[in-house]
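Spelled out from the first residue to the last, the chains are:
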Amino acid sequence: MATGAAAASFMSLKGRDNGLGLAKASDFVKVSDLKRVKFDRTKVFVVKNSKPGSDIAEFRPASEGSPLLVPVQKYCESTHQTIRRKTRTVMVGDVALGSDHPIRIQTMTTSDTKDVAATVEQVMQIADRGADLVRITVQGKREADACFEIKNTLVQKNYNIPLVADIHFAPSVALRVAECFDKIRVNPGNFADRRAQFEQLEYTDDDYQKELEHIEKVFVPLVEKCKKYGRAMRIGTNHGSLSDRIMSYYGDSPRGMVESAFEFARICRKLDFHNFVFSMKASNPVIMVQAYRLLVAEMYVQGWDYPLHLGVTEAGEGEDGRMKSAIGIGTLLQDGLGDTIRVSLTEPPEEEIDPCRKLANLGMKASQIQQGVAPFEEKHRRYFDFQRRTGDLPVQKEGEEVDYRGVLHRDGSVLMSVTLDQLKTPELFYRSLAAKLVLGMPFKDLATVDSILLRELPPANDKDARLALKRLIDVSMGVITPLSEQLTKPLPNAMVLVNLNELSTGAHKLLPEGTRLVVSVCGDESYEELEILKSIDATMILHDLPYSDEKTGRVHAARRLFEYLSENSLSFPVLHHISFPKGTPRDDLVIKAGANAGALLVDGLGDGILLEAADQDFEFLRDTSFNLLQGCRMRNTKTEYVSCPSCGRTLFDLQVISAEIREKTSHLPGVSIAIMGCIVNGPGEMADADFGYVGGAPGKIDLYVGKTVVQRGIAMENATDALIQLIKDNGRWVDPPVEE
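This text gives an overview of the structure that appears in the document. This one's a predicted model, so the numbers in the text were calculated from it and none came from an experiment. (Residues numbered from 1 in each chain as written. Predicted model: local features only at pLDDT ≥ 70, side-chain atom pairs only at ≥ 80, totals over all residues. Heavy atoms only, no water.)

1. Side note on the overall build of the chain
No. 1: Tallying secondary structure elements over the chain gives 19 helices and 32 strands in all.
No. 2: By residue count, 60% of the 740 residues in the chain fall in the buried class.
No. 3: A sequence separation of at least 24 residues applies to 68% of the contacts in the chain between residues at least 6 apart.
No. 4: Total accessible area on the chain stands at roughly 28,200 Å², and carbon and sulfur atoms take up 49% of it. (Helix = DSSP H or I, 4+ residues; strand = E, 2+ residues; numbered from the N terminus. Buried < 20%, exposed > 50% of the residue type's maximum accessible area, 1.4 Å probe, protein only. Contact = heavy atoms within 4.5 Å. Areas by Shrake-Rupley, 256 points an atom, 1.4 Å probe, with all protein chains shown as cover.)

2. Looking at the sheet that holds strand E22 (residues 478-482)
No. 1: If you trace the eight strands once around the closed barrel, you get E18-E21-E22-E23-E24-E25-E26-E27, paired in parallel fashion. The mean inter-strand angle of the sheet, taken between neighbouring strand axes irrespective of direction, is 25°.
No. 2: Note that strand E26 (residues 574-579) and strand E27 (residues 608-612) share four bridges and pair parallel. Within E27, the position partnered with serine 579 by the bridge is glutamate 612. (Pairing = 2+ DSSP bridges. Axes fitted to C-alpha atoms, helices over the stretch in contact; angles between N-to-C directions.)

3. Brief notes about helix H11 (residues 463-474)
No. 1: The end-to-end C-alpha distance of H11, which contains 12 residues, comes to 16 Å, matching closely the 16 Å that a straight helix rising 1.5 Å per residue would cover.
No. 2: Taken as a whole, H11 has its buried residues at Ala465, Arg466, Ala468, Leu469, Leu472 and Ile473. Taken down its axis, H11 places every buried residue within 155° of arc, on the same side. For H11, the exposed residues lying more than 90 degrees away from the buried face are Lys463 and Asp464.
No. 3: Packed against the buried residues of H11 are helix H10 (426-432), strand E20 (441-443), strand E21 (451-454) and E22.
No. 4: Two residues or fewer past H11, serine 476 is found with a positive phi of approximately 70°. (Expected span 1.5 Å × (residues − 1). Arc of directions from axis to C-beta.)

4. Considerations on the packing of helix H8 (residues 318-333) against helix H17 (residues 618-631)
No. 1: Their axes nearest at 10 Å, the elements H8 and H17 cross at an angle of 50°. Taken together, the axis directions place H8 and H17 in an arrangement best described as oblique. In this structure, H8 meets H17 at a crossing whose hand is right-handed. Here Glu319, Asp320, Met323 and Ile327 of H8 come into contact with H17, specifically with Phe620, Asp623, Thr624, Asn627, Leu628 and Gly631.
No. 2: Split by residue class, the contact of H8 with H17 holds four nonpolar, three polar and three charged. (Parallel < 35°, antiparallel > 145°, perpendicular 65-115°, else oblique. Left-handed = near helix turned anticlockwise from the far one by under 90°. Nonpolar A, V, L, I, M, F, W, Y, C, P; charged D, E, K, R; others polar.)

5. Focus: the pattern of salt bridges
No. 1: Scanning all chains against the criterion turns up 50 salt bridges.
No. 2: Here lysine 151 and aspartate 182 are joined by a salt bridge, their closest N and O atoms 3.0 Å apart. Placement of the pair is lysine 151 in helix H2 (residues 141-156) and aspartate 182 in the loop between helix H3 (171-177) and strand E13 (183-186), with a sequence separation of 31 residues. Considered together, lysine 151 and aspartate 182 belong to a single accessibility category, that of buried residues.
No. 3: Connected through salt bridges with shared partners, the residues Arg293, Asp335, Glu378, Arg381, Arg559 and Asp603 form a single ionic network. (Salt bridge = Lys/Arg side-chain N within 4 Å of Asp/Glu carboxyl O.)

6. Brief notes about the packing of aromatic side chains
No. 1: If you walk through the whole model with that rule in mind, you get 15 aromatic pairs.
No. 2: Measuring from ring centre to ring centre gives 4.0 Å for phenylalanine 276 and tyrosine 306, while their planes differ by 20°; the resulting arrangement is stacked. Here phenylalanine 276, found in strand E15 (residues 276-281), pairs with tyrosine 306, found in the loop between helix H7 (285-302) and strand E16 (309-310); they are 30 residues apart in sequence, far enough to count as distant. The pair phenylalanine 276 / tyrosine 306 is uniform in exposure class, with both members buried.
No. 3: Directly above the aromatic system of tyrosine 527 lies the positively charged group of arginine 560, at a separation of 4.3 Å from the ring centroid.
No. 4: The ring centre of phenylalanine 620 lies 4.2 Å from the NZ or CZ of arginine 586, which sits over that ring. (Phe/Tyr/Trp six-rings, centres within 6.5 Å; stacked < 30°, edge-to-face > 60°. Lys NZ or Arg CZ within 6 Å of the ring centre and 35° of its normal.)

7. Focus on the side chain of glutamine 334
No. 1: Tracing the chain through its elements places glutamine 334 in the loop between H8 and strand E17 (340-341).
No. 2: A relative accessible area of 3% means that glutamine 334 is categorised as buried.
No. 3: At 2.4 Å, the side chain of glutamine 334 and the backbone oxygen of alanine 595 are in polar contact.
No. 4: Once residues within four sequence positions are removed from consideration, glutamine 334 is found in contact with Thr82, Leu362, Gln371, Val555, His556, Ala595, Asn596 and Ala599. (Polar contact = N/O pair within 3.5 Å; in protein donor to acceptor, adjacent residues only side chain to side chain.)

8. Re the sheet that holds E17
No. 1: As summarised here, the arrangement of the eight strands in space is E15-E14-E13-E12-E11-E10-E17-E16, forming an open sheet in which the pairing is parallel. Both edges of this open sheet fall to E15 and E16, since each of them pairs with a single strand only.
No. 2: Contacts from helix H1 (residues 116-128) reach strand E10 (104-108), strand E11 (133-137) and strand E12 (163-167) within the one sheet, and its direction differs from that of E11 by about 155°.
No. 3: Where helix H4 (residues 205-229) meets the sheet, it contacts E13 and strand E14 (232-238), and its direction lies at approximately 145° from that of E14.

9. Structural notes on the nonpolar core
No. 1: Formed by 96 residues in total, the largest nonpolar core has its most connected members in Ile167, Ile184, Phe219, Leu222, Met233 and Phe278.
No. 2: Excluding residues that lie within four positions of it along the chain, methionine 233 makes contacts with Lys183, Ile184, Val186, Phe219, Leu222, Val223, Cys226, Cys268, Phe273, Asn275, Phe276 and Val277.
No. 3: Val402, Met477, Phe580 and Leu601 belong to the second largest nonpolar core, which has 58 residues in total. (Core = buried A, V, L, I, M, F, W, Y, C linked by side-chain atoms within 4.5 Å.)

10. Thoughts on the side chain of threonine 539
No. 1: Position of threonine 539 among the secondary structure elements: in strand E25 (residues 538-543).
No. 2: Not counting residues within four places of it along the chain, the set of residues in contact with threonine 539 comprises Pro394, Val407, Leu408, Met495, Arg516, Leu517 and Pro573.

11. Considering the environment of glutamate 456
No. 1: By the secondary structure assignment, glutamate 456 is in the loop between E21 and H11.
No. 2: Judged by its relative accessible area of 43%, glutamate 456 is partly exposed.
No. 3: As a C-alpha pair, glutamate 456 and isoleucine 480 span 24 residues in sequence and 10.0 Å in three-dimensional space.
No. 4: Contact partners of glutamate 456, with chain neighbours within four places excluded, come to Leu420, Glu485 and Lys489.

All quantities given are derived from atomic positions and should not be read as evidence of function.
Structure below.
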């Protein structure tokens, strides 16, 4: 048997060559009984911790050829049903967090904490809207002193909502405010460490241990005070504010986020303090989901049961912010993960409550009815590292009169359902598809719809409508129509929508040979019913589970379908088709689309989206579809913004400035801009951004390229123009398109 030294955080294990290579890590323990075994045709490391009573943990590469070993153990209670992960109860004041309680919702004040009256007013507004907790930034001694007055004033006004202190870089402030607030949020990346310089540092084991001893020395007094006063704590890692030490060992990665939090959690446990929760926030929903899954997988290995606070940080505003949050938070809720949530929007804090509540309700309902499908073995989905399953795009076949290669897009496709009425005004119709017009003729552009679904074909004698469709087909836009329509009113070169029953009865054989097929599948059919897919040549599959089927989980049914396709080496493109009932509010549609389709796309499962809602604006549905793909880091069709939600540290009116910047830069697909009220979490908070606009001092703005500050102290009235010039200087600017 091989013997080695491994970190207590098993996520630090790496496979190298034929042995076990070890990443630099903290809290070393001896492990023994290391061997390789076969698991689903991949090598697995079986590790037994030498500590008495420890469980055996199994690991395998996160993906084929990956050096990262991840636990074979589960990351949630079930991948085929929503079963809420069992946690301990953590008390925040009189509010209980954990799996035995409702999913709690919270937000954060944006007022200057020293302005007691304004902060109290905001807290009351938030409480009146139904929040369970309120977080307040506490950056210095004067703010900490104000917290006592804030708490007392609220109690006098009969508001007992628990208050959470948001702490960065200030252990002494945390100690002070722990005497009056109910919960302390600490950021492991900057509570005891200096601000990250993004330097690759070389550490000996002794150096690493000394830094851990420093963290313990600084952190222990706060833990002891929280125990004394009965306070709760959130160990809240942010992707953008990891310490240089963590990044040197683990990189700017989900694995580093988990280890950063565990350094602090081990100290809490050493002192027998367990009234804490974890969070793993990132502005990128894909990174955020991976980090939480790694965290929970690690907790299962360790036997820990701490609750989770969920959030996508710097999500932005409006539909974009709601979509990003729905993708990240909704994905985890449908796996039964999450006990309290915040939707971070660049809007007044009370506006966060409604989308927060919608997501919490979605998660609670799914777990209460245990939404899902029959059990199945899942071998191919990658939980911990993003690997997209890319369906085979259409190729041109001999004898075809039109080019079908453009009916799907390699980075993710958007399909739209259209009506006969829309065909009556062809130019308006083409514009609604975001096509470019040249002398009235449509051409595809960067964000043009790829294919359309037409449930009813125009009569054969409606030459204008048929000409409008022909012009779309001629520019490689797919036109999909049901089998019954194509058999009775055939449209040349249309693709035909069929279901499994129509395939099994052979009805599709009535079509001319070579007709392109689009197959609608629910995903919960028997494997015998799915067998027909092996014998056909489908251009794409639409995963279409009836919206009225509440007991069957859309996410779980799709996972089952993808598992079947992978197991049988079927590489059809699969698009997620969601038909919303009439009367679905816009926010509900955005959140449910993000939570259902987004939960699959962040796992690389899916090649596009088709959203239907008969009473919703066509362009809204189109934009929502493209926003969903961009939020899942697939197809980039507009400027990406990383925009903080504002807090008491913010040095300018974030909502006004954000709107001004968006108005002037929203036409730059492929460019990412961070708009940050301050730099408290370091430039790493803008890890996803190409350019940064950051409050450096009152009335002054600093500009960044990546993580590097390039201009400091720009007067705010000149800062937006300076940002645009910076984008131009770096060759990323294009002039806005001229309206036709």
